[in-house]
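Okay, here's what each chain looks like letter by letter:
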Amino acid sequence: MPEFTEYQQELRKLARRIAEEKVRPRAAECDRTGEFPWDLVKVFAQAGFYGCYIDQKYGGTGGGVTELALVTEELSRACGGISLAVAATALGAFPIILAGNEEQKQRWLPAIAKGDTLTAFCLTEPEAGSDASAMKTVAKVDGDFYVLNGLKHFITNAGVAKIYTVIASTDPTKGVMGTSAFVVEEGTPGFSLGKEEDKLGIRASQTREVIFQDCRIPKANLLGSPGRGFIAAMQTLDRSRPGVAAQALGIAQGALDLAVDYVKQRKQFGKTIAEFQGIQWMLADLATEVESARALLYKSAYMIDSGLPGISKISAMAKLKCSDVAMRVTTDAVQLFGGYGYMKDYPIEKYMRDAKITQIYEGTNQIQRLVIAREVLKESR
Ligand code: COS
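The paragraphs below set out a description of the structure included in this document. Computed from a prediction, not measured in an experiment: that's the story for all the values here.

### Regarding the side chain of Thr 66
Within the fold, Thr 66 resides in helix 3 (residues 65-78). Exposure remark for Thr 66: the relative accessible area of 7% places this residue in the buried category. Beyond its immediate sequence surroundings of up to four residues, Thr 66 is in contact with Phe 4, Gln 8, Tyr 298, Ala 301, Tyr 302 and Asp 305.

### A closer look at the packing of helix 8 (residues 311-337) against helix 10 (residues 365-379)
It is at 9 Å that the axes of helix 8 and helix 10 come closest, and there the two elements cross at 140 degrees. In this structure, helix 8 meets helix 10 at a crossing whose hand is left-handed. On helix 10, the residues touching Ser 312, Lys 313, Ala 316, Met 317, Lys 319, Leu 320, Ser 323 and Asp 324 of helix 8 are Asn 365, Gln 368, Arg 369, Val 371, Ile 372, Glu 375, Val 376 and Glu 379. A per-class count over the contact of helix 8 with helix 10 returns six nonpolar, four polar and six charged.

### Brief notes about the pairing of strand 3 (residues 145-156)
Pairing of strand 2 (residues 138-142) with strand 3 involves five bridges; the strand directions are antiparallel. Paired with Val 141 across the bridge in strand 3 is Tyr 146.

### Regarding the side chain of Gln 247
Within the secondary structure layout, Gln 247 lies in helix 6 (residues 229-265). Look at Gln 247 and you get buried, because its relative accessible area is 1%. Once residues lying within four places of it in the same chain are set aside, the contact partners of Gln 247 are Thr 72, Ser 76, Gly 80, Ser 83, Leu 84, Ile 202, Thr 358 and Tyr 361.

### Quick notes on the site of the ligand
Around the ligand, the structure places 22 residues, and the nearest of them are Ser 130, Asp 238, Arg 241, Gly 363 and Arg 374. One nitrogen or oxygen atom from the side chain of Asp 238 is found 2.9 Å from a nitrogen atom belonging to the ligand. Taking Arg 241, its side chain carries an N or O atom lying 2.9 Å from an oxygen atom of the ligand. When isolated, the ligand has an accessible area of 1000 Å², and the protein chains bury 66% of it. The set of elements that each furnish at least two residues to the shell around the ligand consists of helix 6 and helix 10.

### Description of the packing of aromatic side chains
Scanning the entire structure with this criterion turns up 12 aromatic pairs. With 4.8 Å between their ring centres and 65 degrees between their planes, Tyr 146 and Phe 182 make a pair best called edge-to-face. With Tyr 146 in strand 3 and Phe 182 in strand 5 (residues 179-185), this pair connects stretches of sequence that are 36 residues apart. The pair Tyr 146 / Phe 182 is uniform in exposure class, with both members buried. Centroid distance Tyr 262 to Phe 337: 4.2 Å. Interplanar angle 15 degrees. Geometry classified as stacked. One end of the pair, Tyr 262, is in helix 6; the other, Phe 337, is in helix 8, with 75 residues separating them in the sequence. Take Phe 337: its relative accessible area is 6%, and that puts it in the buried class.

Cut-off values and rules
- Residues numbered from 1 in each chain as written.
- Predicted model: local features only at pLDDT ≥ 70, side-chain atom pairs only at ≥ 80, totals over all residues.
- Heavy atoms only, no water.
- Helix = DSSP H or I, 4+ residues; strand = E, 2+ residues; numbered from the N terminus.
- Buried < 20%, exposed > 50% of the residue type's maximum accessible area, 1.4 Å probe, protein only.
- Contact = heavy atoms within 4.5 Å.
- Axes fitted to C-alpha atoms, helices over the stretch in contact; angles between N-to-C directions.
- Left-handed = near helix turned anticlockwise from the far one by under 90°.
- Nonpolar A, V, L, I, M, F, W, Y, C, P; charged D, E, K, R; others polar.
- Pairing = 2+ DSSP bridges.
- Near = heavy atom within 4 Å.
- Polar contact = N/O pair within 3.5 Å; in protein donor to acceptor, adjacent residues only side chain to side chain.
- Areas by Shrake-Rupley, 256 points an atom, 1.4 Å probe, with all protein chains shown as cover.
- Phe/Tyr/Trp six-rings, centres within 6.5 Å; stacked < 30°, edge-to-face > 60°.

These values are about where atoms sit, not about what they do.
In structure tokens:
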């Protein structure tokens, strides 16, 4: 795996500076109030973060999953919730990048790359979580339109997005091969928002239900061919799971940074607790875990950007490893803060709350293991 390019290193530096100067000061307040950080969306747009993984032809800077991971990791180091203002839009944009035709890409990607249009990815339903194929949302042909009916839930960015990429069944008799992908624009008659979730962590991001009631969308909004929706969703997740991994890694690194600062100044028994070997061994283990997770994440991003085979397995591995590391590091970081770590006066408990979702969304870690195991067994044949 090669070193990061000069552009990637500069992008990481820029994201780190913005994370420290703009994101960190807003993190506690957005966590407390659940406010969506529109002010920061403008900052991220100006910095070019929304276009960092989009082709130059469509107004982006021509990077890929590596650039997106670098930005997401650095922003998450300061706030794992605010970073989703960029990362969740990438998730919603991937189906257009992967399955959209030229006209569709020209129509939607430039506004996404500019940061003018946020997006949301609508796959999950109340009874279709890990078993994504159990979706009940249907899209029926009616002349030049598709008519959508159904409910998607736990949708990140719902309510702040202008564009929704939706997977729905166009032929329920054909199971996953009867599903299709669509773009639904905010404000389309029959499109509405439902319950807003009150979450444990990542509270700066919006999570809501999206409801379709006789929602008529032009046939021109179908992404790819009918029947290819589930595959487009799986291909999207192959590319977006490193984004979750990057979010988890940033959360882990951010918690470790805070814990290191704390143990160097906290005194007990007449010396700083950093001087105790028991604390040093904890720090050594956490730092080693973070570094190994980072290696796996950027290997997955490199493989995806290079068009190498085996991306389902490596991106599932990156998501699994980074999120498990994030949970371990943040839990131990709270431990290193002792009783203070449990209090909301200190920033560390938020890292533990933010970390938890990374083991759950875009496929639980049980599903990641299933994806990895299937590939391992295929390879051994
Ligand atoms: N890329 C391309 N095609 C894929 C694919 C991928 N990564 N994964 C599956 N497919 C194809 C399969 O090849 C199969 O097509 P064929 O029958 O032509 O071979 C089809 O899609 C169905 O796949 P499969 O049989 O593996 O589907 P399952 O119902 O067994 O589901 C899992 C597979 C569990 C992996 C899938 O449902 C999943 O990822 N669930 C988690 C969903 C998720 O992450 N939800 C979070 C919400 S999104 S934020």
